Amino acid sequence: MRKTFFLLAFLLAWPAFACTNFLVGRKASADGSVFISYSADSYGMYGRLRHWPAGRHAAGEMIEIRDGDTNKYLSHIPQAAETYSVVGQINEHQVAITETTFGGRPELEDPKGGIDYVSLMRLGLQRARTAREAIEVMTALVAEHGYASEGESFSIADKNEVWIMEMIGKGPDRKGTVWVAVRIPDDCIAAHANQSRIHRFDRKDKKNVLFSKDVISFAREKGYFNGSDEEFSFSAAYAPADFSSQRYCDARAWSFFNRFVDGMERYLDFVDGKHIGTSEVMPLYFKPKRELSRQDVFAAMRDHYEGTPFDITKDAGSGVYGAPYRPTPLSWEYEGRQYFNERPISTQQAAYTVVAQLRSWLPDALGGILWWGNDDPNMVAYTPVYCHTRKVPVCYDTPEASDVSFSWDSAFWICNWVANMVYPRYSMLFPALEAARSEIEQQQDEELPAFEAKVLTIIENERDTEKAEALLEERTSLYAENMMRRWKKLGEYLIVKFNDQAVKVENPDGNYKLTPDGIAVPPQRPGFPENFKATIVRETQDRYLMPAE
C-alpha cells in the first residue's frame, strides 16, 4: 500500500494556544468582502507560512497524521482522491479556516484520537471548495478517526458565507465529537477568543445551524445538562465559564464588538469575570453600526482595550513609556495574594497574524488574499499573499531560521528584532514604527486596485490564467520583500535615533542636525514622562527631593 506523509513539520505556522478570531459577513463589510482574522499567540512559537500543493492521489494512498502542537504520531488515514492547494490558512477556492482553543471539560479529551485540530483544519482546506463542505469534511473525519485535541472554536469562511463551528471530544472511551456550527448572518460580525461562544442555538434552522445529532443527549448522559432542549447552551455544557474564560477570553471578543456596536457596556458584567452565571450572555454576533473595511479589521487586531474599562496604558504596570503590554504569566502572586494582568487582543507572544479576505465578485486566484504579518499585529505591516501562490516568499519560510536560529532573511526575526526595541520604550519609539507600518500598507492600498484590474483583464480577456497567477505570485513576493527592506531600515533608524534612551535631533528633511564642525548636535534627553514623575513621587515621597538652596 502506497503512503504519503502529512508531516506538518511541527506545524510551525499553526500551533497556537491563546488566539483571537474576528469574523465579518459580506454585507457587514464596506466592499462586500468576507473577512476572518487570526492571531497565533503562543510563547516560543516560530511563525512560518507554508504551502501545500494540490494533487491527485491513487486509491489506497494513506497519509500520516502527527499532532500539530507536539509532532506526536497519531494515525494513518486514507488520502482523498483530489486535494487542493493551500497556503497558510486559505485554499485555492477562497476557503479559509482559523481557530481558537477553548479547552472545555478535560475529561472529554481522547488520547487515542486519530486527528488533532491542526491537522483537521489542513484537511478541511485541502478537501473543501466551500465553508459548508469544510464543515462536512471536518466532522466526518473526526467521526471516523477520532479527535485528539481539546475543545476548539473554528472560523470557517468562503467568499459568500462565514461560520463558527465549536467541537469537543467525547473522552477516551468514545470516538468522535459533539459539535455545533452557526452561520453568521451576512450583515453581522462575530468573534471568539479561547472561550466557547455558542450558547443557545436554533435547532430548527437547518439552513444556518448544523450540529451533531447527540450534541444535547450526550450532555445529558454526562450530567452536564438537565433542562429542556430549548434551554441547551453548548458553551455552558461543554466549557463552563470561570474568571479566566471571561476576563482573559470573552473580554477580547467584547473589545472587538465595542469598536463597532453601540451599547456594549451592557455586557461588561458578562466579560469582567466577576459575575459568573448571573450576567446577561453576550450574543454570538451583532449587526455593526457601520460597514467595516479591511483597515478596520487590521485596527481591531491591534487593540489593547484603549479607552475601555480594561485599558492597560493608564497605570504603573505600563511602565515609564506607557506600554500596552504586560509580562507573563497572566496571573501572579504578591505577599500571598493572587493578581492578574489583562489579556488584550494584540499581544507580544503572537508568532504571526493573518486576515483572510474573500471576494466573491472576482476569480478565485485574484479574489482570495491572506494578509500576513510575522509577529504581534500592532508591530507589523500586513502584506498580501494571494491564494493561488505556489511559492511562498523566502522571508516567510526561511529554511535556516527557526525558534532558536536567527536569520536576517526571516521576517519573523526581523519583525521581532524591531518590536523588542520598541516594547521597553513604547511611547518614545512606537510612533516611528506606526509611521513605517502605515507607509507600507498605504502604498499597497494605492497600488493594488490598478494592479488587480490589470490581472483581471488578463484572466477575462486573454484567458491566460497562468500568466495572471504568475503576476499575483510575483506581487506577493514583491510586497513581502518591500516590508523586509523597510523593517530593516526601521530597525537601523531606531538604534541610531534613540540610542541610550536619548533622542538625536533631526532636521525637517529627516537628516540629523549637525554642528558646524560636522558632528551630531547633542541629543535631547527627555527624561520621565509627566505621569510617571507623579508615580515616582507618590511611591518615594521625598527621597529624591532636591534640597532647597
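Remember, it's a predicted structure, so these values are computed and weren't measured experimentally. Here, residues in each chain are numbered from 1, in the same order as that chain's written sequence. Per-residue local features are limited, in this predicted model, to residues with pLDDT of at least 70; the limit for side-chain atom pairs, both in listing and counting, is 80 or more; totals at the level of whole chains, interfaces and linings are taken over all residues. Just so you know, side-chain values use all the structure's heavy atoms and leave hydrogens and water out.

### Observations regarding the pattern of salt bridges
The line we're drawing: Only one rule defines a salt bridge in this text: a Lys or Arg side-chain nitrogen within 4 Å of an Asp or Glu carboxyl oxygen. Helical segments are the DSSP runs of H or I of at least four residues, strand segments are the runs of E of at least two, and each set is numbered from the N terminus. Only protein chains enter the accessibility calculation, which uses a 1.4 Å probe; a residue is then buried when its area is under 20% of its type maximum, exposed when over 50%, and partly exposed in between.
For the structure on display, the rule yields 29 salt bridges. With a closest N to O distance of 3.2 Å, arginine 26 and aspartate 186 form a salt bridge. Taken together, the residues arginine 26 in the loop between strand S2 (21-24) and strand S3 (34-41) and aspartate 186 in the loop between strand S14 (177-183) and strand S15 (189-192) connect sequence positions 160 residues apart. A residue is classified by how much of its surface remains accessible, and arginine 26, at 28% relative accessible area, is partly exposed. Taking relative accessible area as the criterion, aspartate 186 reaches 15% and is therefore assigned buried. In this structure, aspartate 296 and arginine 290 form a salt bridge, with 2.7 Å as the shortest nitrogen-oxygen distance. Owing to a relative accessible area of 40%, arginine 290 belongs among the partly exposed residues under this scheme.

### A short note on the packing of helix H9 (residues 411-422) against helix H11 (residues 465-497)
To keep things clear, this is the line we draw: Axis geometry follows a simple rule: fit a line to the C-alpha atoms, using only the stretch in contact for helices, then measure angles between N-to-C directions, giving values from 0 to 180 degrees. Angle categories: roughly parallel below 35 degrees, roughly antiparallel above 145, roughly perpendicular from 65 to 115, and oblique for all the rest. Left-handed describes a crossing whose near helix is turned anticlockwise from the far helix through less than a right angle; right-handed describes the clockwise counterpart. Note on contacts: a residue pair qualifies if any of its non-hydrogen atoms lie within 4.5 Å across the two residues.
Across the interface, H9 lies against H11 with an axial gap of 10 Å and an inter-helix angle of 30°. Here H9 is positioned roughly parallel relative to H11, judged by the angle of their axes. Between H9 and H11 lies a crossing of left-handed hand. The segment H9 lies against H11, with Ala411, Ile414, Cys415, Trp417, Val418, Met421 and Val422 engaging Met483, Met484, Trp487, Lys488, Leu490, Gly491, Glu492, Leu494 and Ile495.

### Considerations on the packing of aromatic side chains
This is how it is decided: In this analysis, rings of Phe, Tyr and Trp, with Trp reduced to its six-membered ring, are considered paired at centre separations within 6.5 Å, and the interplanar angle assigns stacked below 30 degrees, edge-to-face beyond 60, and tilted for intermediate values.
Counted according to the given criterion, the structure contains 34 aromatic pairs. On the numbers, 4.7 Å between centres and 65° between planes, the contact of tyrosine 325 with tyrosine 423 is edge-to-face. Of this pair, tyrosine 325 sits in the loop between helix H7 (294-301) and strand S18 (331-334) while tyrosine 423 sits in the loop between H9 and helix H10 (426-462), placing them 98 residues apart in sequence. Residue class for tyrosine 325 comes out buried when judged on its relative accessible area of 9%. When the centroid spacing of 4.7 Å and the interplanar angle of 10° are considered together, the rings of tyrosine 352 and tryptophan 372 count as stacked.

### Examining the environment of alanine 128
By secondary structure assignment, the location of alanine 128 is in the loop between helix H1 (117-127) and helix H2 (131-145). Residue alanine 128 is classed as buried on the basis of its relative accessible area of 0%. In contact with alanine 128, not counting residues within four places along its chain, are Tyr84, Asn91, His93, Val95, Glu133 and Ala134.

### Re the layout of surface pockets
As a reminder of what qualifies: As defined here, a cavity is a set of points on a 1 Å grid over the protein atoms alone where a 1.4 Å probe fits but cannot get out. A pocket is an open set with protein on both sides within 12 Å along at least five of seven lines, and residues line them when an atom is within 4 Å of a point. Grid points are joined across faces, edges and corners, and a volume is the space filled by probe spheres set on the points. Following the grouping adopted for this structure description, the nonpolar residues are Ala, Val, Leu, Ile, Met, Phe, Trp, Tyr, Cys and Pro, the charged ones are Asp, Glu, Lys and Arg, and the polar ones are all others, Gly among them.
Looking at the largest pocket, its volume works out to about 360 Å³. Phe102, Asn194, Ser244, Ser245 and Cys249 are, among the 24 residues lining the largest pocket, the residues nearest its centre. Counting only elements with at least two residues in the lining of the largest pocket, the list comes to strand S11 (96-103) and helix H5 (243-260). No other element matches the five residues that H5 contributes to the lining of the largest pocket. In terms of residue class, the lining of the largest pocket is built from 10 nonpolar, nine polar and five charged.

### Section: the environment of glycine 151
Structurally, glycine 151 can be placed in strand S12 (residues 151-157). The class for glycine 151 is buried, based on a relative accessible area of 0%. Not counting residues up to four positions away in its chain, the partners in contact with glycine 151 are Thr101, Phe102, Gly103, Met167 and Ile168.

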